[in-house]
Amino acid sequence: MFERKLTILYGSQSGTAQDLAEQIWRESKMYHFRGNVLPMDEYDVSELISERFVVCVCSTYGQGEEPDNMKRFWKFLLRKSLPSDSLRQVHFAVLGLGDSRYPKFNYVAKKLHKRLLQLGGSALLQVGLCDDQHDLGYGAVFLPWINQLWEELGKIAPLPANQHKLPESPREFRWKVEVLKKAETGTPSQQPASIDLYAEVQMPNGFQTVVLENRRTTANDHFQDVRLITFEKKSVPWCPGDVLYVRPHNSKDNVDTLFGILHEQGFDLNKTTLVEVKAVDSEMPVPSILQKPLTLQAISEQYWDLTAIPRARAFAVLAKNCPNDLEKEKLVEFSSVEGQEELFSYANRPRRNILEVLQDFPHATKSLTLEAMFEVFQPIKPRAFSIASAVESNKLQILVAVIEYKTKLSVPRRGLCSHWLKQLSPGDLVNAWVRRSTFQLPLDKHTPLVMIGPGTGLAPFRGILQERELSETPTAAPLVLFFGCRSSTADFHCEKDLKRMEQSGMLQLFCAFSRDQPDKVYVQHLIRKEGVLLKKLLVENGGYVLVSGSSKNMPEAVKEALIEAIGDANHIEDMIKANRYQEETWA
């Protein structure tokens, strides 16, 4: 009888793939499997040949790149010296997380699935292709896929006669949580509130920097607040188009709301309560940042995302010990495969956050434990911003649109990171790291660049242009920028820089101010008018197209306009295949 071992590996850039991998691990306990859940680069890949069952969960980043914590694992698998039957005894399943707005949708998962087959592995089921664009989010594919996974594993590794599938996972919670110091109102905390949980976390190209300036670039009466934030330049280098990662903190208002809810429900917990998170076993280690006693204030400010829209998993945890039948019935529905449309209508469509859910289900909230809270609250994920300056400028700058909008809920929705960045003042310290851009610029500086960046999509192009402007050797390539905003007087970001570059002759600038005339004008309208120029740059001279900005309708509209302008859809498709047409877009 073989050992019931299931190894679960993930490649995760922002934490979502890790969340889903942990959910698979948790459910595997219902089928009496044991095994670790690990980032791919923390797993000894030489042991893969001796595995029997492996599940890989991986996201695709940008232009088809694998996540940072998967790179060594992937490099090893690509070795030509590996025999084609290396994994002949391995049964595997691959789940991909991607975004169908990108040409290389779920590229990493598809490549991994194919490579594991090439090395002799047997696929338990087809690669799962989760799409962030689906109305129901990743759950639309993930929930049916995981059910099929257990079915297929059950055929190959049926439970012994003396064992049965458990009705629920015996590992409902990741870790044990102990209170070291009871909450005492008015007692000073044993830990400064300003402690940075991530201060000792070593990130590739990581550094601590200081805010030098936080300037609004839009008119004060404009509906949207956009910020050009300047940080002190550090020794960490970056290239044009690279991105800066930061991890935001929750607002004081949201932290206060959380402790208000806990107080209302009779919890003997407050901000000064000191807790220790402990591992249950080696399968689910405690993250390094939680491996020391921490106050609930530090955890609620920097670890739990109080603005996150809860996933089905959170509703399952809330349902677990809920004493109220009506609440429990609704929570169970939201956590089921069949209830995903209802969950979407309740949580995703109005962007209802976890704090509001706790207020809506008071009986379930009252029955929570600290262990359950670490399941209900998702960890705060880092956010990425295109760097809007060149190294040669001696400034590290980002262009940030402060997110605020209304839904059917009475309180406006606010972006966690953009509002945290908005509140930063000169002198504030920020931990950050730089990651290579998804844009891959041509090595030959004579290659024409056609850049299309409405709104804050301008950011990476300002960095590219600034690098060319400050270069010791003047750029010889034609540089063209299509920029769009609402008004020439309200939200023309970096106007002085762009006009200076235009006047010097290094840049051809086309600006679409959509609200400055009766008929709305967008970048795609200007693109259509420039067929002669674009044919010359893209068809005759082998130029690149770089598109940056909102992912909603703009990228498709731009692509259609370019096809119309040059009159050749096949040429645009060929450019995409050759990586001469690149997009960096966001929701």
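Residues numbered from 1 in each chain as written. Predicted model: local features only at pLDDT ≥ 70, side-chain atom pairs only at ≥ 80, totals over all residues. Heavy atoms only, no water.

Caption draft 1: A look at the packing of aromatic side chains. This structure, assessed with the given rule, holds 15 aromatic pairs. Aromatic pair phenylalanine 315 and phenylalanine 334: ring centres 5.2 Å apart, planes at 70°, arrangement edge-to-face. Taken as a pair, phenylalanine 315 in helix 7 (residues 312-320) and phenylalanine 334 in helix 8 (residues 325-334) lie far apart in primary sequence, 19 residues in all. Ring geometry for tyrosine 346 versus phenylalanine 361: centroids 6.1 Å apart, planes at 80°, classification edge-to-face. One end of the pair, tyrosine 346, is in helix 9 (residues 340-348); the other, phenylalanine 361, is in the loop between helix 10 (354-360) and helix 11 (362-366), and 15 residues separate them in sequence. (Phe/Tyr/Trp six-rings, centres within 6.5 Å; stacked < 30°, edge-to-face > 60°. Helix = DSSP H or I, 4+ residues; strand = E, 2+ residues; numbered from the N terminus.)

Caption draft 2: Here's a closer look at the environment of valine 57. For valine 57, the location among the structural elements is in strand 3 (residues 53-59). Here the alpha-carbon distance between valine 57 and valine 94, two residues 37 residues apart in the chain, equals 5.9 Å. Residue contacts for valine 57: discarding those within four places in its chain leaves Leu9, Tyr10, Gly11, Ala17, Leu20, Ala21, Ile24, Met40, Leu95 and Leu97. (Contact = heavy atoms within 4.5 Å.)

Caption draft 3: Focus on unusual backbone geometry. If you check the backbone angles, asparagine 205 has positive phi at about 60° while not being a glycine. Its location among the elements puts asparagine 205 in the loop between strand 7 (175-181) and strand 8 (206-216). Exposure remark for asparagine 205: the relative accessible area of 43% places this residue in the partly exposed category. (Buried < 20%, exposed > 50% of the residue type's maximum accessible area, 1.4 Å probe, protein only.)

Caption draft 4: Region of the structure containing the nonpolar core. Counting residues in hydrophobic clusters, the biggest one holds 79 residues, and the most contacted among them are Ile24, Val57, Leu149, Tyr303 and Trp304. For this core, the element with the highest residue contribution is helix 4 (residues 139-156), accounting for 7 residues. In this view, tryptophan 304 contacts Asn250, Leu258, Leu296, Ile299, Met373, Phe374, Phe377, Gln378 and Ile380; residues no more than four positions away in its chain are not counted. Judged by nonpolar contacts, the second largest core, of 25 residues, contains Ile527, Leu537, Val545 and Val558. (Core = buried A, V, L, I, M, F, W, Y, C linked by side-chain atoms within 4.5 Å.)

Caption draft 5: Highlighting the confidence of the model for the chain. Of the residues in the chain, 97% reach a pLDDT of 70 or more, and the chain-wide mean stands at 92. Residue range residues 185-193 is modelled with pLDDT below 50. Its contacts to residues more than four positions away, or to other chains, number 14 contacts. (pLDDT = per-residue confidence, 0-100.)

Caption draft 6: Geometry of the pattern of salt bridges. Taken as a whole and assessed by the stated rule, the structure comprises 38 salt bridges. Across the pair glutamate 22 and arginine 174 runs a salt bridge, and its minimum N-O distance is 2.6 Å. You can see glutamate 22 sitting in helix 1 (residues 16-28) and its partner arginine 174 sitting in the loop between helix 4 and strand 7, a full 152 residues away along the chain. As far as the burial class goes, glutamate 22 and arginine 174 line up, both buried. Lysine 445 is the salt-bridge partner of glutamate 467, the closest N and O atoms lying 3.6 Å from each other. Residue glutamate 467 is located in helix 14 (residues 459-470), and its partner lysine 445 is located in the loop between strand 17 (429-435) and strand 18 (449-452); the two are separated by 22 residues in the primary sequence. By relative accessible area, lysine 445 is classed as partly exposed at 40%. Linked through salt bridges whose partners overlap, the residues forming this network are Glu22, Arg26, Glu172, Arg174, Arg313 and Glu375. (Salt bridge = Lys/Arg side-chain N within 4 Å of Asp/Glu carboxyl O.)

Caption draft 7: Summary view of the sheet that holds strand 9 (residues 226-232). Sheet architecture is open: 6 strands sit in the order 13-10-17-8-9-14, paired in antiparallel fashion. Looking at strand neighbours, the two that pair on one side only are strand 13 (383-386) and strand 14 (395-401), the edges of this open sheet. Across this sheet, the average inter-strand angle for adjacent strands is 40°, counted without regard to direction. (Pairing = 2+ DSSP bridges. Axes fitted to C-alpha atoms, helices over the stretch in contact; angles between N-to-C directions.)

Caption draft 8: Quick peek at the sheet that holds strand 19 (residues 479-485). Pairing is parallel in the open sheet, where 5 strands are placed in the order 20-19-18-21-22. Unpaired on one side and paired on the other, strand 20 (508-513) and strand 22 (581-586) mark the two borders of the sheet. Ignoring strand direction, the axes of neighbouring strands in this sheet form an average angle of 10°. Pairing of strand 19 with strand 20, which is carried by 6 bridges, proceeds in the parallel orientation. Counterpart to leucine 481 in the pairing with strand 20 is leucine 509. Helix 14 contacts strand 18, strand 19, strand 21 (544-550) and strand 22 of the sheet and is inclined by roughly 145° relative to strand 18. Here helix 18 (residues 554-566) sits on the sheet in contact with strand 18, strand 21 and strand 22, set at roughly 150° to strand 21.

Caption draft 9: Region of the structure containing the packing of helix 8 against helix 9. One can describe the packing of helix 8 onto helix 9 by two numbers: an axis separation of 7 Å at closest approach and a directional angle of 105°. The pairing of helix 8 with helix 9 is recorded here as roughly perpendicular in orientation. Contact with helix 8, carried on its side by Lys330, Glu333 and Phe334, involves Gln340, Glu342, Leu343 and Tyr346 of helix 9 and no other residues of that element. Residues of the contact of helix 8 with helix 9, tallied by class, amount to 3 nonpolar, 1 polar and 3 charged. (Parallel < 35°, antiparallel > 145°, perpendicular 65-115°, else oblique. Nonpolar A, V, L, I, M, F, W, Y, C, P; charged D, E, K, R; others polar.)

Caption draft 10: Summary view of the side chain of serine 386. One can find serine 386 in strand 13. Since its relative accessible area comes to 9%, serine 386 is described here as buried. A distance of 2.8 Å separates a polar atom in the side chain of serine 386 from a polar atom in the side chain of glutamate 584. In this view, serine 386 contacts Asp242, Val243, Gln397, Ile398, Ala459, Pro460 and Glu584; residues no more than four positions away in its chain are not counted. (Polar contact = N/O pair within 3.5 Å; in protein donor to acceptor, adjacent residues only side chain to side chain.)

Caption draft 11: The state of the cysteines, seen in detail. Applying the stated criterion across every chain yields a total of 0 disulfides. Looking at cysteine 239, it has no disulfide partner, and the nearest cysteine sulfur is the one in cysteine 494, 20 Å off. Between cysteine 485, a cysteine without a disulfide, and cysteine 511, which holds the nearest cysteine sulfur, the sulfur-to-sulfur distance is 7.0 Å. (Disulfide = S-S within 2.5 Å.)

Caption draft 12: View of the environment of tyrosine 522. Among the secondary structure elements, tyrosine 522 is positioned in the loop between strand 20 and helix 16 (523-529). Assessed through its relative accessible area of 34%, tyrosine 522 is described here as partly exposed. The spatial distance from the C-alpha of tyrosine 522 to the C-alpha of methionine 451 is 14 Å, given a sequence separation of 71 residues. In contact with tyrosine 522, not counting residues within four places along its chain, are Ala512, Ser514 and Arg515.

Caption draft 13: Representation of helix 5 (residues 252-264). Across its 13 residues, helix 5 extends 18 Å between first and last C-alpha, which sits within 8% of the 18 Å expected from 1.5 Å per residue. For helix 5, the complete set of buried residues consists of Val255, Leu258, Phe259, Ile261 and Leu262. Seen along its axis, helix 5 keeps its buried residues to an arc of 150°; they face one direction. Facing away from the buried side of helix 5 by over 90 degrees, the exposed positions are Lys252, Asp253, His263 and Glu264. Its buried side turned inward, helix 5 meets helix 6 (296-302), helix 10, helix 11 and helix 12 (370-376). Immediately downstream of helix 5, the backbone of glycine 266 shows phi near 80°, a positive value. (Expected span 1.5 Å × (residues − 1). Arc of directions from axis to C-beta.)

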